[in-house]
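Architecture and fold: a report
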Amino acid sequence: MTDRRLTLASLAPLALAFSLLQAAPGAAAKEPPKEAAEAASKRAAHFPLMEKRFEQFVRRYVHAGFAFDPPHATNSGMHAFDAKLPDYAPAAVAQEERRIRVALTELEQIDREQLDEMGKIDFDLYRRTIEGDLFELTEERRWETDPGRYNVGWALDPLISQQFAPPEARLRSIVGRLNETPRFLAQAREILNKPPRLFTEFAIDEFPGTISYLEATIPRAFASVKDRGLWSEYEVALKGAKAAVEQHVAWMKETLLPRSDGSFVLGAERYRKKLYYDEMVDTPLDTLLSIGARELDRLENRYRACAAKLVPGGTVADALAKVRGNHPPKDSLLAVASRLLEQQRDFSISSGFLAMPSEERCTVRATPEFAANRSFASLDSPGPLETKGRKGYYNISLPAADWDSARAEQYLQGFGRGPLSSVSLHEAYPGHYAHYLYGRNATSLARKTAGCGSFAEGWGLYVEEAMLDQGYGGGDPELEFGMLKWALVRACRFQVGLRVHTKGMTLEEATQYFQDHAGMEPVNAQREAYRAAFDPTYLVYTLGALQIRKLRDDLKRAQGASFKLGDFHATILSQGSLPVVLLRRMLLPEEGSSL
């Protein structure tokens, strides 16, 4: 474990959390002295045997889930299944469903009231997590409708990029997964049933990139391996996997694509369930649309005001025209981003926004080919249970080699000076990578292995605006304009995700929505719109940012002059990715609404 330093030097996350809560003015006045004493006594009472029983339950549940989903185990930092790929055969899925239902029954036999306050939060977190696992298995069933689920590149990359074991051991695991690939893809051909056409088209484009990525990367990454026998095993396994992938791509083109007439639309009821199980948000969908529309309106007004700073008397279109070409060329984009990260890290620390608990750094790299179609930029960090391989990667998707110069230029405009600054704040410092550095020291296995995207992605979006409000960039309108452009993209995701899946919006209408409200270039707007099909709840960025901002402001009102922004940030990051509703319960004297 990395030592905690600076603001966390002598405070465990739990202690810091409760110091924030206890300092709230008026907290002691909520109850008369006698009732307050009785309540405090009840809160202080806990039952070690029940707490131990719950901890053991979580451990068993986590490890059994890893057995069903070996790549998830690897990504999380648990390496007992590194040579395996999932088994989605009907019998295996039915067995997993039985396991989850038994676990829910077992969890209800644990007396929540005999757990301490943090244990109760973990209990609620895990009950929602297990219910969500059951929903994913019985209602979403993505392994039946998404051919991309069978792209083994996702399962192989962490074995290459994360140095958690000697290279010989990791290469042997790669051999194991390559040997499993023909079986895995044959199973896909038996299981896939009426996927959405878009899903099949993306898979056809992405699968070949897996093999080319392996052929280009493995020799460099494992150059220190001198075991000729192991290399021979690898060549045989790669040859078999390559043939299996080629066969599978041909099958997708010739057989699957013509029958890919399924719908990716969840519908209101499944969307509502997914939002609750994934994010612990039960706000009515129409209310969410209204909340999102207010945020979009706020951002558009600020965007127009910022445009007038860039081009006095000008419009948003004038400002876009001025900054659109101000981006690094393709060949230097990664180097520019690397330098930018250090500047942002230094400002986060020196301004008191967020101290860094480690001197570790993430590395900027081009997004691996097999994943480049699905994001502009991303963070690939080690799993929360990882103890040895702790290398983080800030991935930036470069223009594809076969794009013409006009398309490449239009794409690179998304990485202008302002947008690149915001994306880097989001992905690295003080965004996702800083979150990883804090979150890996969360106080319980429950918090290390369960959480929600609305906190993780909400934090990334929150810091983009909050860092500028803290003074980063010295009021540079181009940085503010870039921040607002990406904030508008996320606010559009909020609307588009809900409207595509619950209100009948088409992907063509969604593409136009991104162009109209976020000023996106057509190729990038289409990319964002298509993502709604694969990622229905990509509203989590704006949703989580709104929740975190409200939590900060509510706690600041309760704390008054004693509130310290850096301590608040360190506290919430140290809890893993807790849903904000649970953070409110932990930190505030009155929980209140999260939105």
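Source: prediction; values computed, not measured. (Residues numbered from 1 in each chain as written. Predicted model: local features only at pLDDT ≥ 70, side-chain atom pairs only at ≥ 80, totals over all residues. Heavy atoms only, no water.)

1. As for the overall build of the chain
Along the chain, the regular secondary structure elements total 25 helices and three strands. Counting all 595 residues of the chain, 56% fall into the buried class. In the chain, 80% of the contacts between residues at least 6 apart in sequence involve partners at least 24 apart. Only carbon and sulfur atoms are counted for the fraction: they give 53% of the accessible area of the chain, which is about 24,200 Å². Separation of charge centres in the chain, based on 75 positive and 79 negative side chains, amounts to 2 Å. (Helix = DSSP H or I, 4+ residues; strand = E, 2+ residues; numbered from the N terminus. Buried < 20%, exposed > 50% of the residue type's maximum accessible area, 1.4 Å probe, protein only. Contact = heavy atoms within 4.5 Å. Areas by Shrake-Rupley, 256 points an atom, 1.4 Å probe, with all protein chains shown as cover. Lys, Arg positive; Asp, Glu negative; His and termini not counted. Charge placed at Lys NZ, Arg CZ, Asp CG, Glu CD.)

2. Describing the pairing of strand 3 (residues 392-396)
Of all five residues in strand 3, five are buried; the element is thus mostly enclosed. Across the two faces of strand 3 the burial is the same, with Gly392, Tyr394 and Ile396 and Tyr393 and Asn395 all buried. Bridge analysis of strand 1 (residues 362-366) against strand 3 gives five bridges, and the strand direction is parallel. Residue pairing in the sheet places Val364 in a bridge with Tyr394 of strand 3. (Pairing = 2+ DSSP bridges.)

3. Digging into helix 14 (residues 333-350)
For helix 14, which comprises 18 residues, the first-to-last C-alpha distance of 26 Å matches the rise-based estimate of 26 Å (1.5 Å per residue) to within 8%. Buried within helix 14 we find Leu333, Ala337, Leu340, Leu341, Gln344, Arg345, Phe347 and Ser348. When helix 14 is viewed along its axis, its buried side chains cluster within an angular range of 165° and face the same direction. Opposite the buried face of helix 14, by more than 90 degrees, sit the exposed residues Arg339 and Ser350. Those residues of helix 14 that are buried lie in contact with strand 1, strand 3, helix 15 (405-412), helix 16 (417-427) and helix 19 (453-469). Count one or two residues on from helix 14 and you reach Gly352, which has phi positive near 80°. (Expected span 1.5 Å × (residues − 1). Arc of directions from axis to C-beta.)

4. Things to note about the nonpolar core
In this structure, Tyr150, Tyr234 and Tyr394 are the most contacted members of the largest nonpolar core, which totals 177 residues. Sorting elements by how many residues they give to this core places helix 20 (residues 477-502) first, with 14 residues. (Core = buried A, V, L, I, M, F, W, Y, C linked by side-chain atoms within 4.5 Å.)

5. A few points about the packing of aromatic side chains
Each aromatic ring pair is summarised here by two numbers: the centre-to-centre distance and the angle between the ring planes. All told, the structure shown has 24 aromatic pairs when counted by the stated rule. Relative to Phe123, the ring of Phe54 has its centre 5.9 Å away and its plane inclined at 40°; by these criteria the two rings are tilted. Linking Phe54 in helix 3 (residues 48-68) with Phe123 in helix 6 (residues 117-140), this pair joins segments that are 69 residues apart in sequence. Both residues of the pair, Phe54 and Phe123, count as buried. Here the basic side chain of Arg99 rests over the ring of Tyr61, its NZ or CZ set 4.5 Å away from the ring centre. Positioned above the aromatic ring of Tyr541 is the side chain of Arg493, whose terminal nitrogen or guanidinium carbon lies 4.6 Å from the ring centre. (Phe/Tyr/Trp six-rings, centres within 6.5 Å; stacked < 30°, edge-to-face > 60°. Lys NZ or Arg CZ within 6 Å of the ring centre and 35° of its normal.)

6. Regarding the confidence of the model for the chain
Per-residue confidence for the chain averages 90 on the pLDDT scale, and 91% of its residues sit at or above 70. Across the chain, element-level confidence peaks in helix 24 (residues 565-573) with a mean pLDDT of 98 and bottoms out in helix 1 (residues 13-22) with 33. The model gives residues 1-44 a pLDDT under 50, and that stretch makes 69 contacts with residues more than four places away or in other chains. (pLDDT = per-residue confidence, 0-100.)

7. Some words on the sheet that holds strand 1
The sheet built from three strands is open, its strands ordered 1-3-2 with mixed pairing. What marks the edges here is a single partner per strand, and that holds for strand 1 and strand 2 (377-380). Each strand of the sheet is rotated relative to its neighbour by a mean of 25°, with strand direction disregarded. The sheet contacts of helix 14 involve strand 1 and strand 3, and relative to strand 1 the element is tilted by about 160°. (Axes fitted to C-alpha atoms, helices over the stretch in contact; angles between N-to-C directions.)

8. Topic: helix 22 (residues 522-534)
For an α-helix, 3.6 residues make a turn, and residues three or four places apart therefore share a direction. With 13 residues, helix 22 extends 19 Å between its outermost C-alpha atoms, agreeing within 8% with the 18 Å of an ideal straight helix rising 1.5 Å per residue. Counting buried residues along helix 22, 10 of its 13 residues qualify, which places the element largely inside the surrounding structure. Buried within helix 22 we find Val523, Asn524, Ala525, Arg527, Glu528, Ala529, Arg531, Ala532, Ala533 and Phe534. In this structure, the buried residues of helix 22 make contact with helix 9 (197-221), helix 15, helix 20, helix 21 (507-518) and helix 23 (540-559).

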